[in-house]
Amino acid sequence: MPAAMTRPGLCRVEQIMGTAITLDLADDLPPERLRELADQVFAWMREVDARFSTYRADSEVSRFDRGEVLLSEASADLRFVLEACADLWGATDGFFDAYATGRLDPSGFVKGWAAQVASDRLLAAGAANHCVNAGGDVRVRGFSPSGEPWRIGIRHPWDPMATCLVVAGTDLAVATSGVYERGRHVLDPRRGAPAGGLRSVTVVGTDLGVSDAYATAALAMGAAGIGWLDRLPDHTHAVITDDARQFLSTSLPLTD
Amino acid sequence: MRRAFLAITGLAASTTALVVLKGSPGTSQVAQDLPAAQPVSPTPQGVDPSAAPDAGPAGTTPKSSVSAGAPSSPKPSRSTARPSGTRTTAKAPTAPRTTTKAPQPTTRRVTGPGVDNEYGYVQVQIVVSGNRIVEAVALSLPSGGESDIHSGDVRDRYNGTGGEVVQKQSANLNTVSGATETSNSYKQSLRGAIEQAF
């Protein structure tokens, strides 16, 4: 009989929002409580997907975009997201643009935000040690099952099997935008053309929706994004350019 | 009983995986998942199926650890699942690194079906430890377009240099941050692997 796994907590993966959502709960809580918490997290992520998916004609975002839902009738979540996207548009000199494709697509914020909300709720529910990974956007709090700070690899931009950097911490929101998975899908909203110069941008902060939007914006800025990231308060970054140079914040929480 | 069954089949699977995987380079973790007992590594050395058969939970001999769990198993016995001759040494001769690994449950690998999509071919392999999936590995992901053009350029220009040029780093990880993957084909292959495994 193989030894039972002795780590505390629970780990679960589900496919939602067209990507893999991984939840790692490291708190030593009763199994039924852990399952309940995980159920709540994934129910929330499915709710966000149903409400914000641009691939679903019946989602609230799609109906709002077609004018079938007025702002005054919109859900509190949709109004929050629209407001956050407007703020981010200003904070990024227009480079984070939920309308970059010509129609409303807040996905660059929603995925990170949804994971952030899930993490906030876990913390409030007494599960202070966890890792939520929504398709590569990562929110960690507390400690991993081994009792150490969470270790987050940053994917190598030319090798899907490898990582190029490792950050570690107990309260981090790590978001990466790159051109390596879906090609140059990030548009420079000012030129309407694909952004160039940067291959991968990782932003580390404490709000995953914001980190995600900043990473997307810097990618759209191209090389100018490096200087812009340098001037951001309360965020650190790792940028890898098309010619494989890397530019890191001096205060990036790197580890071996 | 289910564990016992998994233990036995795991032995056979990991033994064959040992032989098969020795020849296949670059099987390693793609992204997200999953540090169960110990964090997984992004490099091929991270999860070594060869470590499993010898890892008796408390330093017991492999034989006793199996017979304790499955005294009346109808499955093939251990001697048929392993190459004969490895028994006497108590350690697989092909796996010197086992001495540095902590004891762990039986690990096995299951490969999902290959799935085509518009970007290329996707195939996923999972690593199962006990009744948990501890790692999902993309054996094949789409290449071409941006990736290949740039990686060729980059290797030509920067081969052998260090410093600020991006490097690979291998380490134990809890998770990986990266841009969103091509996911539907991944999902199909992953589901196939899971259905085979359980």
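A.B. asks: I'd like a rundown of the overall build of chain A, residues and numbers included.
C.D. replies: Helix and strand content of chain A: six helices and twelve strands. Residue burial in chain A is summarised as follows: out of 256 residues, 51% are buried. A fraction of 57% describes how many contacts in chain A between residues 6 or more apart in sequence connect residues 24 or more apart.

A.B. asks: How would you explain the overall build of chain B if you had to name every residue and give the values?
C.D. replies: Along the backbone of chain B there are six helices and five strands. Going from N to C terminus, chain B has its helices and strands arranged as α-α-α-α-β-β-β-β-α-β-α. The buried share of chain B, taken over its 198 residues, is 37%. Taking the contacts inside chain B whose residues are at least 6 apart along the sequence as the reference set, 71% of them involve residues at least 24 apart.

A.B. asks: Account for the nonpolar core, naming residues and giving values.
C.D. replies: If you look at the biggest cluster of nonpolar residues, it comprises 73 residues, and the most contacted ones within it are A:Ala114 and A:Ile152. Examining the composition of this core, we find that ten residues originate from one element, helix H5 (residues 208–221) of chain A, more than from any other. What A:Ile152 contacts, discounting residues up to four positions off in sequence, is A:Val138, A:Val140, A:Val166, A:Val167, A:Leu172, A:Val174, B:Leu173, B:Asn174, B:Thr175, B:Val176 and B:Ser177. Within the second largest apolar cluster, 13 residues are counted, among which are B:Ile133, B:Ala136, B:Leu139 and B:Leu190.

A.B. asks: Can you tell me about the environment of A:Ala128, naming the residues and giving the values?
C.D. replies: Residues and elements named next belong to chain A. Within the fold, Ala128 resides in the loop between helix H4 (107–124) and strand E3 (130–134). Distance from Ala128 to Asp27, taken between C-alpha atoms, is 7.1 Å for residues 101 residues apart in sequence. Contact partners of Ala128, with chain neighbours within four places excluded, come to Asp27, Leu123, Arg141 and Gly142.

A.B. asks: Go over the sheet that holds strand E5 (residues 150–156) of chain A, please, and point to the residues and values.
C.D. replies: Consider a sheet: its strands pair through backbone hydrogen bonds, and that pairing is either parallel or antiparallel. The strand order E6(A)-E5(A)-E5(B) describes an open sheet built from three strands, whose pairing is mixed. Of all the strands in the sheet, just strand E6 (159–169) of chain A together with strand E5 (175–177) of chain B have a single pairing partner and so form its edges. Strand after strand, the sheet turns through a mean of 40° between neighbouring axes, direction not considered. Sheet topology note: the E5(A)/E5(B) ladder contains three bridges and is parallel. Paired with A:Ile154 across the strands is B:Ser177, a residue of E5(B).

A.B. asks: So what's going on with the sheet that holds strand E7 (residues 171–178) of chain A? Which residues, and what values?
C.D. replies: Residues and elements named next belong to chain A. The antiparallel open sheet is built from eight strands, whose spatial order is E1-E2-E3-E4-E7-E10-E11-E12. Whereas interior strands pair on both sides, the edge strands pair on one side only; in this sheet they are strand E1 (10–16) and strand E12 (246–248). If you compare each strand with its neighbour and ignore which way they point, the axes differ by 10° on average. Where E3 and strand E4 (residues 137–141) come together, five bridges link them in antiparallel fashion. Within E4, the position partnered with Val132 by the bridge is Arg139. Relative to the sheet, helix H1 (residues 31–52) contacts E1 and strand E2 (19–25), its axis offset from that of E1 by approximately 15°.

A.B. asks: Describe in detail the packing of H1(A) against H4(A), supporting the description with residues and values.
C.D. replies: Residues and elements named next belong to chain A. One can describe the packing of H1 onto H4 by two numbers: an axis separation of 10 Å at closest approach and a directional angle of 150°. As summarised for this structure, H1 and H4 are arranged roughly antiparallel, according to the angle between their axes. Between H1 and H4 lies a crossing of right-handed hand. Two secondary-structure elements touch here, H1 through Leu37, Val41, Trp44, Met45, Val48 and Phe52 and H4 through Val110, Ala114, Val117, Ala118 and Leu122. Of the residues that constitute the contact of H1 with H4, the class distribution is eleven nonpolar, no polar and no charged.

A.B. asks: With reference to specific residues and values, describe the confidence of the model for chain B.
C.D. replies: Residue and element names in this part refer to chain B. For chain B, the average pLDDT comes to 53, and 24% of its residues sit at 70 or higher. Of all secondary-structure elements in chain B, the lowest mean pLDDT belongs to helix H2 (residues 62–69), at 37, while E5 reaches the highest, 86. Under a pLDDT of 50 for its full length, residues 18–101 has, in the predicted model, 162 contacts with residues more than four places off or in other chains. This stretch, residues 144–163, has a pLDDT under 50; its non-local contacts, to residues over four places away or in other chains, come to 17 contacts. This prediction of the complex comes with two scores: 0.63 for pTM and 0.84 for ipTM.

A.B. asks: An account of the pairing of E2(A) is needed here, citing residue identities and associated values.
C.D. replies: All names here are of chain A. Most of E2 sits inside the fold, with seven of its seven residues counted as buried. Examined bridge by bridge, E1 and E2 share seven bridges and lie antiparallel to one another. Considered in E2, the bridge of Glu14 is made with Ile21. The turn joining E1 and E2, which pair antiparallel and follow one another in sequence, is formed by two residues; a positive phi near 60° is taken by Met17.

A.B. asks: Could you give me a rundown of the pairing of E6(A), with the residues and numbers involved?
C.D. replies: The buried count for E6(A) comes to eight of eleven residues, which makes it a mostly enclosed element. Between E5(A) and E6(A), which pair antiparallel one after the other, the connecting turn spans two residues.

A.B. asks: Lay out H4(A) with the relevant residues and their values.
C.D. replies: Between its terminal C-alpha atoms H4(A) stretches 25 Å, which fits the 26 Å expected from 18 residues at 1.5 Å a residue. Burial runs high along H4(A): 14 of the 18 residues are buried.

A.B. asks: Quick one: what's the story with the environment of A:Phe52, residue by residue and with numbers?
C.D. replies: Residues and elements named next belong to chain A. On the secondary structure map, Phe52 appears in helix H1. On the basis of neighbour counts, which here come to 26 C-beta atoms within 10 Å, the residue Phe52 falls in the buried class. Phe52 sits 54 residues away from Pro106 along the chain, and the two C-alpha atoms are 7.8 Å apart. Other than its neighbours up to four places away in sequence, Phe52 contacts Ser59, Val61, Pro106 and Val110.

A.B. asks: Report on the packing of H4(A) against H5(A), specifying residues and quantitative values.
C.D. replies: Residues and elements named next belong to chain A. Look at H4 against H5: their axes get within 7 Å of each other, and the N-to-C directions meet at 155°. Relative to H5, the element H4 lies roughly antiparallel. Of the two possible hands of crossing, H4 and H5 adopt the one that is right-handed. Residues Gly108, Phe109, Lys111, Gly112, Trp113, Ala115 and Gln116 of H4 form the contact with H5, whose participating residues are Leu208, Gly209, Ser211, Asp212, Ala213 and Thr216. Grouping the amino acids of the contact of H4 with H5 by side-chain chemistry returns five nonpolar, six polar and two charged.

Cut-offs applied
Residues numbered from 1 in each chain as written. Chains lettered and ligands numbered in written order. Predicted model: local features only at pLDDT ≥ 70, side-chain atom pairs only at ≥ 80, totals over all residues. Helix = DSSP H or I, 4+ residues; strand = E, 2+ residues; numbered from the N terminus. Buried ≥ 20, exposed ≤ 12 C-beta atoms within 10 Å, placed from the backbone. Contact = placed C-beta atoms within 7 Å. Core = buried A, V, L, I, M, F, W, Y, C linked by C-beta atoms within 7 Å. Pairing = 2+ DSSP bridges. Axes fitted to C-alpha atoms, helices over the stretch in contact; angles between N-to-C directions. Parallel < 35°, antiparallel > 145°, perpendicular 65-115°, else oblique. Left-handed = near helix turned anticlockwise from the far one by under 90°. Nonpolar A, V, L, I, M, F, W, Y, C, P; charged D, E, K, R; others polar. pLDDT = per-residue confidence, 0-100. Expected span 1.5 Å × (residues − 1).

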